[in-house]
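Topology and contacts: notes
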Amino acid sequence: MKTIILTITILFSLTNIFGQTEAPKLKLSHLTGDFYIYTTYNTYEGNKIPANGMYLVSNKGVVLFDTPWDTTQFQPLLDSIKLNHNKNVTMCIATHWHPDRTAGLEYYKKLGIKTYTTLLTDELSKRNDQKRAEFVIEKDTVFNVGQYAFETYYPGQGHTADNIVIWVDKEKILYGGCLIKGAAAENLGYLGDGNVFEYETTLKKVQKKYPHPKFIIVSHHDWRNINSLKHSIKLARKLKKKNRS
Ligand SMILES: [Zn+2]
């Protein structure tokens, strides 16, 4: 797969007084057609963790799937998109209530970008003091933006009670967010808000509904490996057994 690193050089080339180059804070990669992956980083338990989101460049504006985790990168992401595609972001949808998905919602709302979550995500965001979207969707919804369509699907509890996935039928993209882990992941990550008993069933519902994805986008691991969903189901099965015994 062709991968183009598009990020503006100036974002990368902040040098300190010793002349060393700091690690990039924002990375843009081509996925397929008009779809791109953006990555920001944050520190969790002492480790630098990447967080992937996606964007779609349509003829009616750019759609963001989730917001940057790194709160310094809300505007640089918009600037990079404008520079690379000469288009503005017009819509943003977050896939669950954790800040690695929702941190930028209010920033984008203030700029006039239409922000969305599910009603359940909005309730959990409110309860947990997280940023909230302007609009809520009450059920699985098909969005039509310019020449593209994509749908949201709530398969049940897993990583969180509210996690949704997004499906783009034309390009066969399954955007899994934090529900799906990478093909090399050792575990299902943070489960403090998760459901260890339902996780496997939830993932299997996703697999059944979208059996032939060409791409599976995961939040915190390599999104180029298509075995991520299968591997996550294996991990979820083990997790359920462990919690039963
Ligand atoms: Zn996450």
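Now for a quick tour of the structure. Remember, it's a predicted structure, so these values are computed and weren't measured experimentally.

A word on the overall build of the protein chain. If you tally the helices and strands in the protein chain, you get seven helices and twelve strands. Here the C-alpha atoms of the protein chain give a radius of gyration of 17 Å, agreeing with the 18 Å that 2.2 N^0.38 yields for 245 residues. Referenced to the eigenvectors of the C-alpha coordinate spread, the extents of the protein chain come out at roughly 55 × 45 × 40 Å. The buried share of the protein chain, taken over its 245 residues, is 51%. Of all intrachain contacts in the protein chain linking residues separated by at least 6 positions in sequence, the fraction that spans at least 24 positions is 61%. Here the protein chain displays about 12000 Å² of accessible surface, and carbon together with sulfur accounts for 50% of that area. Positive and negative charge centroids in the protein chain, built from 33 and 23 side chains respectively, lie 6 Å apart.

The next point concerns the side chain of T95. Inspection of the secondary structure assignment puts T95 in the loop between β5 (89-93) and α3 (99-102). Classification of T95 as buried rests on a relative accessible area of 1%. Apart from the residues lying within four places of it in its own chain, the contact partners of T95 are D66, R101, D162, N163, I164, I166, Y175 and G177.

Moving on, we get to helix α6 (residues 199-209). Within an α-helix, residues lying three or four positions from one another point in the same direction, as the helix has 3.6 residues per turn. For α6, the complete set of buried residues consists of Y199, E200, T202, L203 and V206. For α6, the buried positions fall inside an angular range of 165° around the axis, keeping them on one side. If you follow the buried residues of α6, they end up packed against β9 (148-153), β10 (165-168), β11 (173-177) and α7 (228-244).

Membership of the largest hydrophobic core comes to 42 residues, with the highest contact counts inside it found for L31, M54, F65, F150, L174 and I217. Considering every element that reaches this core, the biggest residue donor is α7, with five residues. The next biggest cluster of nonpolar side chains, apart from the first, holds 20 residues, and it includes L26, L77, L78 and I81.

Pairing is mixed in the open sheet, where five strands are placed in the order β8-β9-β10-β11-β12. Of all strands in the sheet, those with a lone pairing partner are β8 (142-145) and β12 (215-218), marking the two edges. Between one strand axis and the next, the sheet turns through 20° on average, direction left out of account. Examined bridge by bridge, β9 and β10 share three bridges and lie antiparallel to one another. Counted as the bridge partner of Y153 is V165 from β10. α6 contacts β9, β10 and β11 of the sheet and is inclined by roughly 150° relative to β9.

Sheet architecture is open: seven strands sit in the order β1-β2-β3-β4-β5-β6-β7, paired in mixed fashion. Each end of this open sheet is capped by a strand with a single partner; those strands are β1 (26-32) and β7 (135-137). On average, adjacent strands in this sheet sit at an angle of 25° to one another, irrespective of strand direction. Direction of pairing for strand β6 (residues 114-118) relative to β7: parallel, over a ladder of three bridges. When the bridges of β7 are listed, T118 appears paired with I137.

Cut-offs used in this document
Residues numbered from 1 in each chain as written. Predicted model: local features only at pLDDT ≥ 70, side-chain atom pairs only at ≥ 80, totals over all residues. Heavy atoms only, no water. Helix = DSSP H or I, 4+ residues; strand = E, 2+ residues; numbered from the N terminus. Rg over C-alpha atoms; globule rule 2.2 N^0.38 Å. Buried < 20%, exposed > 50% of the residue type's maximum accessible area, 1.4 Å probe, protein only. Contact = heavy atoms within 4.5 Å. Areas by Shrake-Rupley, 256 points an atom, 1.4 Å probe, with all protein chains shown as cover. Lys, Arg positive; Asp, Glu negative; His and termini not counted. Charge placed at Lys NZ, Arg CZ, Asp CG, Glu CD. Arc of directions from axis to C-beta. Core = buried A, V, L, I, M, F, W, Y, C linked by side-chain atoms within 4.5 Å. Pairing = 2+ DSSP bridges. Axes fitted to C-alpha atoms, helices over the stretch in contact; angles between N-to-C directions.

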